[in-house]
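Secondary and tertiary structure notes
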Amino acid sequence: MLKKNLLALLLIIFVFACDSKEEVIEIENGVSLELAEYRKEVLSIVNYKLEFRIPEDYNQKIQALEELTFSLSDNSNDLQLDFKESLDHLKGLVVNGVSQELVIENEHIILKKENLKKGFNRVEVNFFAGESSLNRKEDFLYTLFVPDRARTAFPVFDQPNLKATFELILDVPENWSAIANGPIFTATIKDKRKTYEFQKSDLISTYLFSFVAGEFDVISRNVSGREMTMLHRETDDEKVARNVDFIFYLHAASLQWLEQYTGIKYPFKKFDFALIPSFQYGGMEHVGAIQYRANSLFLDKDPSQSQLLGRASLIAHETAHMWFGNLVTMDWFNDVWTKEVFANFMAAKMVNPSFPEIDHELNFVVRHYPSAYGVDRTKGANPIRQFLPNLNEAGQMYGAIIYNKAPIMMRQLESLLGENKFQEGMKEYLSTFSNRNATWPDLISILDKKTTTDLKEWSEVWVNTAGRPNFDLTVEKENESVIAKLNQSDPDGDRVWPQALRMKLYNLEKPSVKESEVNSGEESFELKMDPDWNFFEALVNSNGMGYGLFPPAYQLVQSRWGELSELEKGTLMVNLYENLIEPENHGKEGQYSPTQYIELIKWMVVREKNQLILNLILGQLNSVYWNLLTEDQRTSISPDLERTLYHAMNDLTEDPAIKKTFFNAFRNITLSQVNLERLYSVWKEEPNAKIQGLRLSENDKTSLAGQLAIKMPDRASKIIEEQLSKISNPDRKKRFKFLMPALSSEVADRDAFFESLKDEKNRQTESWVLGGLGYLHHPLRQKESLKYVKPSLELLQEIQITGDIFFPSRWLGQTLGRYNKEEVTEIIEDFLADNPNYSKQLAMKIRQSGDMALRSSEVLKKLSLLQNQ
């Protein structure tokens, strides 16, 4: 009997030990995947009650209180609570009524297991808020916690798959307004302070928790039965009046479209938005409180089609996130691309009804392909889906691949399934994972049931690997037939990107055209033709659906331009540019040089009327002009190029938006003294310099002043001071004051400006910093600015730690993107060689941003060799 009781006791102990799941989670900086998986297993029903007291004095700290409650299934281990701040920010910690020692270890407060219990737990924290992600200015602030920055402001379980509710109280100066995730419950004023108490939020991920508070104007509208509130700081009443109605309309139209497409009513309590000066991104999709960069929505007079479409696409993108990203959220930030691809992909569909006059297929091509190729052609290309061991590297998941290549991939997937089956799959995905988290394999499992194609295999190449295929067209003669063969190849291996596209063949000896559907894969596509098709030019990817480097069709521009559709023109020009910047192409038969390409664009500029195509080719012109020409070549071609652009602006169009597009191109490339004087007179608003039909806003004049200060260094000081006096908006005036040293003609001033950026506090307004870097590294200043390149690379890891998600890549883009010197490539290679253990993600970003310098220097070197042969 004793033996049986002993065995029973041992069994109980064993079961209890197994049930306790005692395990040691390493305490390391950031939020590791291991920690996130453990907390997801043991935590549920999480709620944060937060109170922030924001003093009127900008220099005083923000006092804060927090009551965190959660259910815990296993209390056999200590529990890490994320707080990336110094210990002096922590004032008190009580866990289930027990005061606990104040300790922060590797960015975590450790909740001791002896103070935790199974089931309901309450943690109370008295602290000073961390401010690195509060974007605090003297008279406003806004939170921006994506991807893992909530932990910089308050103690939190900061991972996307621990959704929680938030109860927020803000104590702010009396004249401040505020919005947050939940509706305002009460707003009371006492002793010149205003207290906002917000209703409990919906169930959201921590990166979506947000509030905006400050001196804002408030506009509320009821649109299609939905109440919306907008905060803004624009002082130009006419600009507000000109834009505000359409801003509200676009939001309402986006909501209506999404409700119809998904079959799910808007899933959250409210829908507000704030327009913020110098906001880091275009927008951020916080539930109930979207944030936008103000000048992305408040457009100047005579906006171009690209600007109008950009605003509509941005609003549609952020609104789409309410379903794709907020209602259904990625489980881990390695799948952050899923929310971004759906937002961009759906936005491309959503803007169509509001712009019936636009070729939306063309718009998709020009908005997505150049940016996607800009990364995928580089030695630092990354796949759409990447491995992420720690959330402190999550910011590096973002970039052109997830925003631009992923929608191209998704369009191929929709084509494969068919629109109806694809929409069915989206509805099932949203309903299955509503208010939960999902992965890309979860979606593929749903879609896989709706096609005979193996989507897991299809996804392996498109989603899990980087790069793009090359396409080659060969011609053979067989008996009396001409056979065109289109082959797909992998420049880095033996992969195949299954894809559908169209190919259009133009007979160069007679007015005859053939068009074929191409399903490109492992096998060659063959097209048999009659013998009178000996001489033809092929426009591969004529419908803009394919993805890769296609054979150039240079002769089509001048021989058949008038026969091409707008979409065909767009896809042709994207591919011609991609072939131009391939160094190995130069020297091949039929390859065109950078100077020939500029002549081609000049020919097009005086003929083309479509704004999207004009924006595309003028952007290419700027790149080729500054990156692919020598200084002597620029000097040689500049006068005639300037005349062409001025003629196009002044004589060929009455459309004020197109006129401004030409003016901006003219402003950017002008080097001749006569036209610099002309631009100077325009900036000075001299009566005899007025260009009929051209209206320049305050922003336009500020941009013009910047160009003039660089190109007319003897007048730089006067230009800068006078422009400062002309700026009326206080936020824009602060920005320009910040940029003035970067515009200075004195190298010592620019050196001091760059040195100041090594201090984190001088990098707080990131868009200002990026503007300053653009001025420092202008092509005309690169002899003096080359010395900034290596220190900029050395700062990159700190920038990644302290900055927001896009800052590292944009820092690199502004630093490296406009060089064509071999020295820059050598600096990059030496830096990476000297740092063999450097962050893989950041090394990829460096190679991506340095790609144009590499290609430009190689193209120029090769052209020089060919010229000397």
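Right above here is the structure, for reference.
Summary of the structure given here. Nothing here was measured: the structure is a model prediction, and the numbers come from that model.

Let's shift gears to the overall build of the protein. Helix and strand counts for the protein come out as 30 helices and 27 strands. Here the C-alpha atoms of the protein give a radius of gyration of 29 Å, agreeing with the 29 Å that 2.2 N^0.38 yields for 869 residues. Across its three principal directions, the C-alpha atoms of the protein cover 100 × 70 × 60 Å. Expressed as a percentage of the 869 residues in the protein, the buried residues total 59%. Pairs at least 24 residues apart make up 73% of the contacts formed inside the protein by residues separated by at least 6 positions. Here the protein has roughly 35,000 Å² of accessible surface; of this, 48% comes from carbon and sulfur atoms. Looking at charge distribution, the protein has the averaged site of its 101 positive side-chain charges lying 3 Å from that of its 125 negative ones.

Turning our attention to the nonpolar core. Phe52, Phe70, Phe154, Leu170 and Met346 are the most contacted members of the largest nonpolar core, which has 243 residues in total. Every residue in contact with Phe154, bar those within four places of it in the chain, is listed here: Tyr48, Leu50, Phe52, Glu66, Asp82, Phe83, Phe127, Phe145, Phe166 and Phe209. Ranked by size, the runner-up nonpolar core spans 43 residues in total, among them Tyr788, Val824, Leu832 and Ala853.

What follows is about the sheet that holds strand 9 (residues 140-142). Strands sit in the order 9-14-11 across an open sheet of 3 strands; the sheet is antiparallel. Taken across any chain shown, the strands that pair with only one partner, and hence form the sheet edges, are strand 9 and strand 11 (177-180). Pairwise comparison of adjacent strand axes, ignoring direction, gives a mean angle of 5° for this sheet. Relative to strand 14 (residues 211-214), strand 11 runs antiparallel, the two sharing 4 bridges. When the sheet's bridge partners are listed, Ala180 is paired in strand 14 with Phe211.

This part takes up the pairing of strand 24 (residues 499-507). Of all 9 residues in strand 24, 7 are buried, a share of seventy percent or more. Pairing geometry for strand 24 and strand 25 (residues 513-520), over 8 bridges, is antiparallel. The residue bridging Lys504 from the neighbouring strand is Glu515, located in strand 25. Hairpin connection between strand 24 and strand 25: a loop of 5 residues separates the two successive antiparallel strands. Sheet analysis places strand 24 next to strand 27 (residues 536-540), joined by 5 bridges and oriented antiparallel. Residue pairing across strands places Asn507 opposite Phe536, the latter belonging to strand 27.

Put simply, helix 8 (residues 400-417) and helix 11 (residues 455-464) touch, their axes get as near as 11 Å, and they point 155° apart. On the basis of their axis angle, the class for helix 8 and helix 11 is roughly antiparallel. Considering how the two elements wind past one another, helix 8 and helix 11 form a crossing that is right-handed. Judged by residue contacts, Lys405, Met409, Gln412, Leu413 and Leu416 of helix 8 engage Leu455, Trp458, Trp462 and Val463 from helix 11. Taken together, the residues of the contact of helix 8 with helix 11 break down into 7 nonpolar, 1 polar and 1 charged.

A separate point is helix 14 (residues 594-605). Counted at 1.5 Å a residue, the expected span for helix 14 with its 12 residues is 16 Å, and the 16 Å between its end C-alpha atoms agrees. For helix 14, the set of buried residues is Pro594, Tyr597, Ile598, Leu600, Ile601, Lys602, Met604 and Val605. Looking at the buried side of helix 14, the elements it contacts are helix 12 (555-560), helix 13 (566-580), helix 15 (611-627), helix 16 (631-651), helix 17 (656-669) and helix 30 (851-868).

The rules behind the values
Residues numbered from 1 in each chain as written. Predicted model: local features only at pLDDT ≥ 70, side-chain atom pairs only at ≥ 80, totals over all residues. Heavy atoms only, no water. Helix = DSSP H or I, 4+ residues; strand = E, 2+ residues; numbered from the N terminus. Rg over C-alpha atoms; globule rule 2.2 N^0.38 Å. Buried < 20%, exposed > 50% of the residue type's maximum accessible area, 1.4 Å probe, protein only. Contact = heavy atoms within 4.5 Å. Areas by Shrake-Rupley, 256 points an atom, 1.4 Å probe, with all protein chains shown as cover. Lys, Arg positive; Asp, Glu negative; His and termini not counted. Charge placed at Lys NZ, Arg CZ, Asp CG, Glu CD. Core = buried A, V, L, I, M, F, W, Y, C linked by side-chain atoms within 4.5 Å. Pairing = 2+ DSSP bridges. Axes fitted to C-alpha atoms, helices over the stretch in contact; angles between N-to-C directions. Parallel < 35°, antiparallel > 145°, perpendicular 65-115°, else oblique. Left-handed = near helix turned anticlockwise from the far one by under 90°. Nonpolar A, V, L, I, M, F, W, Y, C, P; charged D, E, K, R; others polar. Expected span 1.5 Å × (residues − 1).

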